[in-house]
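Residue strings, one per chain:
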Amino acid sequence: MLRVTKALMLLTDLAFVGYFTITGLGLIPLEWAFADYTNPLMADWNWSFLWIDLLASATGLASLHLLRRGSPSGPGLMLVSLVLTMASGLMAIAFWTLRGDSSLVWWLPNLYLMLFPVPAIVCLTRSRPSFTAS
């Protein structure tokens, strides 16, 4: 199961970087853009995801590298990345719900971000040792 998650993480982490690169260069066609895309407030909302998405990407790519090397810190960093990715998708879905916007073009990718990490998060938290305060 984690093998599938690793592949999805790699694609997702690269897609986060690609999305913000494309957005920054103004290459998203308006017909593909979310509602009110040209509204400065909506643009700010979109860019507010930059840091959580890039942090998810950085920790995800780093965890994949560490896991490939057999580092014991790989699973923990993978968990951080997956939780950040899930939070990013959840924040977007919550926003679109509050706005009453049901465009599948934006719901589907964000539902994916919110849901694909869940099985791996469960797996990683089950196998993590418990720590007690001394």
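Residue numbering note: each chain is counted from 1, following its sequence as written. Whole-chain, interface and lining totals are the exception, using all residues; otherwise, since this is a predicted model, local features are given only for residues with pLDDT of at least 70 and side-chain atom pairs are given and counted only at 80 or more. Computation of side-chain values: all heavy atoms of the structure, hydrogens and water removed.

1. A few points about the side chain of Thr 23
Reasoning step 1: In this text, helices come from DSSP runs of H or I with a minimum length of four residues, and strands from runs of E with a minimum of two, each type numbered from the N-terminal end. Within the fold, Thr 23 resides in helix H1 (residues 2-24).
Reasoning step 2: The contact partners of Thr 23, leaving out residues within four places of it in the chain, are Ile 28, Tyr 37, Asn 46 and Trp 47. Residue contacts are defined here by distance: any two heavy atoms, one from each residue, within 4.5 Å place the two residues in contact.

2. Quick word on the packing of H1 against helix H3 (residues 50-69)
Reasoning step 1: Contact geometry of H1 with H3 gives a least axis separation of 9 Å together with a crossing angle of 140 degrees. Handedness of the H1/H3 crossing: left-handed. On the side of H1, the interface is formed by Lys 6, Met 9, Leu 10, Asp 13, Phe 16, Val 17 and Phe 20, while H3 contributes Leu 50, Asp 53, Leu 54, Ala 56, Ser 57, Gly 60, Leu 61, Ser 63, Leu 64 and Leu 67.
Reasoning step 2: In the scheme used here, Gly and all other residues not listed as nonpolar or charged are polar, with Ala, Val, Leu, Ile, Met, Phe, Trp, Tyr, Cys and Pro taken as nonpolar and Asp, Glu, Lys and Arg as charged. Taken together, the residues that form the contact of H1 with H3 break down as 11 nonpolar, 3 polar and 3 charged. Lines fitted to C-alpha atoms define the axes, with helix axes restricted to the stretch in contact, and inter-axis angles between N-to-C directions lie between 0 and 180 degrees. Handedness of a helix crossing follows the sense of rotation of the near helix relative to the far helix, less than a right angle counterclockwise being left-handed and clockwise being right-handed.

3. Structural notes on the packing of aromatic side chains
Reasoning step 1: To pair, rings of Phe, Tyr and Trp, with the six-membered ring standing in for Trp, must have centres within 6.5 Å; the planes then decide the type, stacked if under 30 degrees apart, edge-to-face if over 60, and tilted in the middle. Here the structure, examined in full by the defined rule, presents 8 aromatic pairs.
Reasoning step 2: Taking 5.3 Å as the distance between ring centres and 50 degrees as the angle between the ring planes, the aromatic pair formed by Phe 20 and Trp 47 counts as tilted. Of this pair, Phe 20 sits in helix H1 while Trp 47 sits in helix H2 (residues 40-47), and the two are 27 residues apart along the sequence.
Reasoning step 3: Note on Trp 47: relative accessible area 33%, which makes it partly exposed.
Reasoning step 4: Among the aromatic side chains, those forming a connected cluster through ring pairs are Tyr 19, Phe 20, Trp 47 and Trp 106. When a residue's accessible area, from a 1.4 Å probe over protein chains only, is under 20% of the maximum for its type it is buried; when over 50% it is exposed; and in between it is partly exposed.

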